[in-house]
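Chain by chain, the residues:
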Amino acid sequence: MKKGVIFDLDGTLWDACAAIADSWNEYLTEKRTDLKDYHLQVCEGDVRRLCGRTMDVFGDELFPQVPDAGVRKALGEECCAYEVEYLKHSGGMIYPGVKETLLKLRQKYSLYIVSNCQAGYIEDFLTWSQTGELFEDTEDYGTTLRPKDENIRLLMERNGIDKAVYVGDTITDYKSAKDAGIPFIHCRFGFGDVKDVPGVDAFSQLPDAVKSILG
C-alpha cells in the first residue's frame, strides 16, 4: 500500500508573504508606471489574507480602485509572474524543522505538494529550501486551473496513492481535503484557524500526527 503525505505550501512549509508583497510593490512601482495615479500598494497582511485562495482572484481583491476588470485581472497575473522570478533570489521564511522532519517522514511515506499557487512558485520553494529531492510530485492551480480538491485527487491517481493525508493551515485546506475524501492535519502555526481537527503546534510534531492517521 502506497501512503502519501500531501502538503499545502504557504503557512505550512514556509511564510513568503513579506517577500511576495515586496515583489508586487516593486513591479507596480517600476513596471506599471501607467497606473501610478491609482496609488497601488500591497502590504504583507494583504498577501497573508489571500494565501490559500486561487490566484485568479488577486487582481480584484488587491486593486479594486482600478475600474477596468480586465486590467485588474491582467495586473494580478503579471504580478504573480514577476513574483516567481523575484522569489528565486529572495526566497521566504522556512518554518523551523521542515527539512529534518521531511527527511524523517520520507523514510515511511511518499511526500507531495498541492497548492493553489501559480506555476513556478512551488519550484521556488523547493530550490530555496533544498528539499526538491524529498518530494515525488507536485501540483498547482496555475498549471491545471483546477480547485485544490481536484488537484489532490489528480495527484493521488497519477502516483497510485492508496491512502493519504493533507497537511495545511486554513479552513480552505480543510474543506479541500474533505472534498477530496482524505483526512486533514492542521498546522496551527500557520495563517488560519481550523477547529476540532487533528493539528500540530510545530512542524516537528508531524511524524506522530501522520502516524496516528496513516499508521
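See the structure above.
Computed from a predicted structure; not experimentally measured.

Caption draft 1: Structural context of unusual backbone geometry. Despite not being glycine, His-39 shows a phi value in the positive range, around 55°. Considering the arrangement of structural elements, one finds His-39 in the loop between α1 (17-30) and α2 (44-50). Exposure remark for His-39: the relative accessible area of 66% places this residue in the exposed category. Phi is positive for Asp-196, which is not a glycine, with a value near 60°. As for its position among the elements, Asp-196 is in the loop between β7 (184-187) and β8 (199-200).

Caption draft 2: Spotlight on the pattern of salt bridges. Applying the stated rule across the entire model yields 19 salt bridges. Of the charged contacts, one joins Arg-153 and Asp-149 as a salt bridge, the two residues approaching to 3.3 Å between their closest N and O atoms. Highlighted residues: Arg-153 and Asp-149, both in helix α8 (residues 148-159), separated by 4 residues, approximately one helical turn. By relative accessible area, Arg-153 is classed as partly exposed at 29%. When its relative accessible area of 13% is taken as the criterion, Asp-149 is described as buried.

Caption draft 3: Summary view of the sheet that holds strand β6 (residues 163-168). As summarised here, the arrangement of the 6 strands in space is β5-β4-β1-β6-β7-β8, forming an open sheet in which the pairing is parallel. Where the open sheet ends on each side, the last strands, each with one partner, are β5 (137-140) and β8. Bridge analysis of β6 against β7 gives 3 bridges, and the strand direction is parallel. Each bridged residue has a counterpart across the sheet, and for Gly-168 the counterpart in β7 is His-186. Most of the contacts of helix α6 (residues 121-129) go to β5, to which it runs at about 140°, and overall it touches β4 (110-115) and β5.

Caption draft 4: Seen up close, the environment of Asp-60. Looking at the element boundaries, Asp-60 is found in helix α3 (residues 58-62). For Asp-60, a relative accessible area of 43% puts it in the partly exposed group. With 10 residues separating them along the chain, Asp-60 and Gly-70 place their C-alpha atoms 9.5 Å apart.

Caption draft 5: Representation of the nonpolar core within the structure. Core analysis: the biggest nonpolar cluster contains 56 residues, and Val-5, Phe-7, Leu-13, Trp-24, Phe-63, Ile-113 and Phe-135 have the highest contact counts within it. Not counting chain neighbours up to four residues away, the residues in contact with Ile-113 comprise Ile-6, Phe-7, Leu-9, Leu-13, Ile-122, Phe-125, Leu-126, Phe-135, Asp-137, Thr-138, Glu-139 and Leu-155. Counting residues in hydrophobic clusters, the runner-up holds 15 residues, among them Tyr-112, Ala-164, Ile-182 and Val-197.

Rules used throughout
Residues numbered from 1 in each chain as written. Predicted model: local features only at pLDDT ≥ 70, side-chain atom pairs only at ≥ 80, totals over all residues. Heavy atoms only, no water. Helix = DSSP H or I, 4+ residues; strand = E, 2+ residues; numbered from the N terminus. Buried < 20%, exposed > 50% of the residue type's maximum accessible area, 1.4 Å probe, protein only. Salt bridge = Lys/Arg side-chain N within 4 Å of Asp/Glu carboxyl O. Pairing = 2+ DSSP bridges. Contact = heavy atoms within 4.5 Å. Axes fitted to C-alpha atoms, helices over the stretch in contact; angles between N-to-C directions. Core = buried A, V, L, I, M, F, W, Y, C linked by side-chain atoms within 4.5 Å.

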